[in-house]
Amino acid sequence: MTFFPEVPEITYQGPDSREPLSFRYYQSSEKIEGRTMREHLRFSAAFWHTMRNGLADPFGAPTASMPWDDGSDSRANAERRIHAFFEFLEKLGLEFYCFHDRDLASEGRTVDESIRNLDQMVDVLARCQAQHGRKLLWGTACLFHHPRYVHGAATSCSVDVFAHAATQVRRAMDATHRLGGEGYVFWGGREGYSSLLNTDMPREREHLARFLQMAVEYRRAIDFRGQLLIEPKPMEPSTHQYDFDVATCLSFLREHGLLDEFKLNVETNHATLAGHSMEHELQTAAAAGALGSIDANMGH
C-alpha cells in the first residue's frame, strides 16, 4: 500500500531549484572536512510530530490531514501509521527515526495490556527497519499526557504514579534496545511544580535523581549500550521545572553523581522558553562535554 503516491523521492536539486519538495542545500553525499553531510547531520524524523500531531492549538481544532489514520486505537490503525511513516522516511531519504511509546501504541486498560500493545508495534517496527533499511536514533516514554501525571512522573506525590512511570521507562528502554536504538531520552514534561505551597522540592528532586539512577542500573542490567539523554524542558506546562535549561540539568547531574551517565538533547523551542538562544544552550552543553543530540522543533 502506498500512502503518498503523488510525492516522488525528494532529492537534492541545488540552490536555484524552484521545486518546493527538493533539497537546495543538503546534499547527503557531499563531503565536508572528510565526512559526508549524511555523516555530519544524522537527521531523524519524530514519529509523534509527523504521524500523531493533529496540529490543534488552544483555540482551534486539529487541522492536519492524515487519511491513513482513522482515529481509532485499533492494532490495524497503529500498524498503518507505522507503514505510512516508513514511506515518509524513505521519500525524504532519512536514515533515522525516534518515537514515544504511547504514540506507537495506545495505552491499555491495564499495565500488562499496555506492554502487549507496545510489544506488538515493536514487532512491526523491527520488520519495517529491515525492509526499508532505517534505524532507530532513540526512543522515549510519554510521561506527561495521561492525567495520572498531572503532578509529575518521577516527582509525583504518588508512589503508584512513580512506579507506573518506572514501568513505562523500563518497557520503552527494552523496545529501544531491541530495535538497536542509539540512545534513550528522558523527556520529563511535568517534572516540576506550580506552587511551593504544596511542594516538597528537596524530596521531589531526590525522587527524580533516584528514578534516573534506577534507569542507569537497568540499562546496565540489560546491557543496553545506547546513550542516555535528558532534554531540558522549561515551563511546559509547569511554572517551574527541575530540568529548566542545560545549565540546570548539568548542575542536577553533577549533584547526584550522574554526569558521566547522561548527555543532553537540546531543543530550539525549549531554549527560547528558557530565555536563551539556541546557540547559548548548545555551547553550554558542548563546553561540558555533554551535547548529545539536537531537537530542531521550533514550537510552532
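Structure first, text after, so check above.
These remarks concern the structure in this document. (Residues numbered from 1 in each chain as written. Predicted model: local features only at pLDDT ≥ 70, side-chain atom pairs only at ≥ 80, totals over all residues. Heavy atoms only, no water.)

Considerations on helix 8 (residues 246-255)
- Here helix 8 has its buried residues at Val246, Cys249, Leu250, Phe252 and Leu253. Across the axial projection of helix 8, the buried residues extend over an arc of 160 degrees, all falling on one side.
- Tucked into the core, helix 8 has its buried residues touching helix 7 (201-221), strand 8 (227-230), strand 10 (262-267) and helix 10 (278-287).
- Residue Gly257 follows helix 8 closely and has a positive phi angle near 65 degrees. (Buried < 20%, exposed > 50% of the residue type's maximum accessible area, 1.4 Å probe, protein only. Helix = DSSP H or I, 4+ residues; strand = E, 2+ residues; numbered from the N terminus. Arc of directions from axis to C-beta. Contact = heavy atoms within 4.5 Å.)

A word on the packing of helix 3 (residues 75-92) against helix 5 (residues 111-132)
- Contact geometry for helix 3 and helix 5: axes closest at 10 Å, N-to-C directions at 25 degrees. Classified by the angle between their axes, helix 3 and helix 5 sit roughly parallel to one another. In the packing of helix 3 onto helix 5, the handedness of the crossing is right-handed. Contacts from Arg75, Ala78, Glu79, Ile82, His83, Phe86 and Glu90 of helix 3 reach helix 5 at Gln120, Met121, Val124, Leu125, Cys128, Gln129 and His132.
- Looking at the contact of helix 3 with helix 5 residue by residue, the classes come out as 7 nonpolar, 4 polar and 3 charged. (Axes fitted to C-alpha atoms, helices over the stretch in contact; angles between N-to-C directions. Parallel < 35°, antiparallel > 145°, perpendicular 65-115°, else oblique. Left-handed = near helix turned anticlockwise from the far one by under 90°. Nonpolar A, V, L, I, M, F, W, Y, C, P; charged D, E, K, R; others polar.)

A word on helix 3
- An ideal rise of 1.5 Å per residue puts 26 Å on 18 residues; helix 3 measures up with 26 Å between its terminal C-alpha atoms.
- Within the span of helix 3, buried status applies to Asn77, Ala78, Arg81, Ile82, Ala84, Phe85, Phe86, Glu87, Leu89 and Lys91.
- Just beyond helix 3, the residue with positive phi is Gly93, at close to 75 degrees. (Expected span 1.5 Å × (residues − 1).)

Things to note about the packing of aromatic side chains
- One pass over the full model with this rule turns up 14 aromatic pairs.
- On the basis of an interplanar angle of 15 degrees and a centroid distance of 6.5 Å, the ring pair of Phe85 and Phe88 is categorised as stacked. With Phe85 and Phe88 both in helix 3 and 3 residues apart, the pair spans about one turn of that helix.
- Aromatic pair Phe162 and Phe211: ring centres 5.3 Å apart, planes at 90 degrees, arrangement edge-to-face. Separated by 49 residues along the polypeptide, Phe162 in helix 6 (residues 159-178) and Phe211 in helix 7 bring together distant segments of the chain.
- Judged by relative accessible area, Phe162 falls into the buried class, the value being 17%.
- The structure contains a cluster of three or more aromatic residues connected by ring pairs, namely Phe47, Phe85, Phe86, Phe88 and Tyr97.
- The residue whose ring lies beneath Arg148 is Tyr149, and the NZ or CZ to ring-centre distance is 5.5 Å.
- Between Lys233 and the ring centre of Trp187, over which it is positioned, the NZ or CZ distance is 4.5 Å. (Phe/Tyr/Trp six-rings, centres within 6.5 Å; stacked < 30°, edge-to-face > 60°. Lys NZ or Arg CZ within 6 Å of the ring centre and 35° of its normal.)

A look at the nonpolar core
- Ranked by internal contacts, the top residues of the largest apolar core, which has 39 residues, are Met173, Tyr184, Phe186 and Phe262.
- Of all the secondary-structure elements, those providing two or more residues to this core are helix 6, strand 6 (183-186), helix 7, strand 8, helix 8, strand 10 and helix 10.
- Per-element accounting of this core gives the leading share, 7 residues, to helix 7.
- In contact with Phe262, other than residues within four places in its own chain, are Phe186, Leu212, Val216, Gln227, Leu228, Leu229, Ile230 and Leu253. (Core = buried A, V, L, I, M, F, W, Y, C linked by side-chain atoms within 4.5 Å.)

Considerations on the side chain of Asp245
- Inspection of the secondary structure assignment puts Asp245 in the loop between strand 9 (240-241) and helix 8.
- Although buried, Asp245 forms no salt bridge, and the nearest oppositely charged side chain, Arg254, lies 10 Å from it.
- A polar contact of 2.6 Å, which involves the side chain of Asp245, links it to the side chain of Thr248.
- Once residues within four sequence positions are removed from consideration, Asp245 is found in contact with Pro232, Ala274, His276 and Glu281. (Lys, Arg positive; Asp, Glu negative; His and termini not counted. Salt bridge = Lys/Arg side-chain N within 4 Å of Asp/Glu carboxyl O. Polar contact = N/O pair within 3.5 Å; in protein donor to acceptor, adjacent residues only side chain to side chain.)

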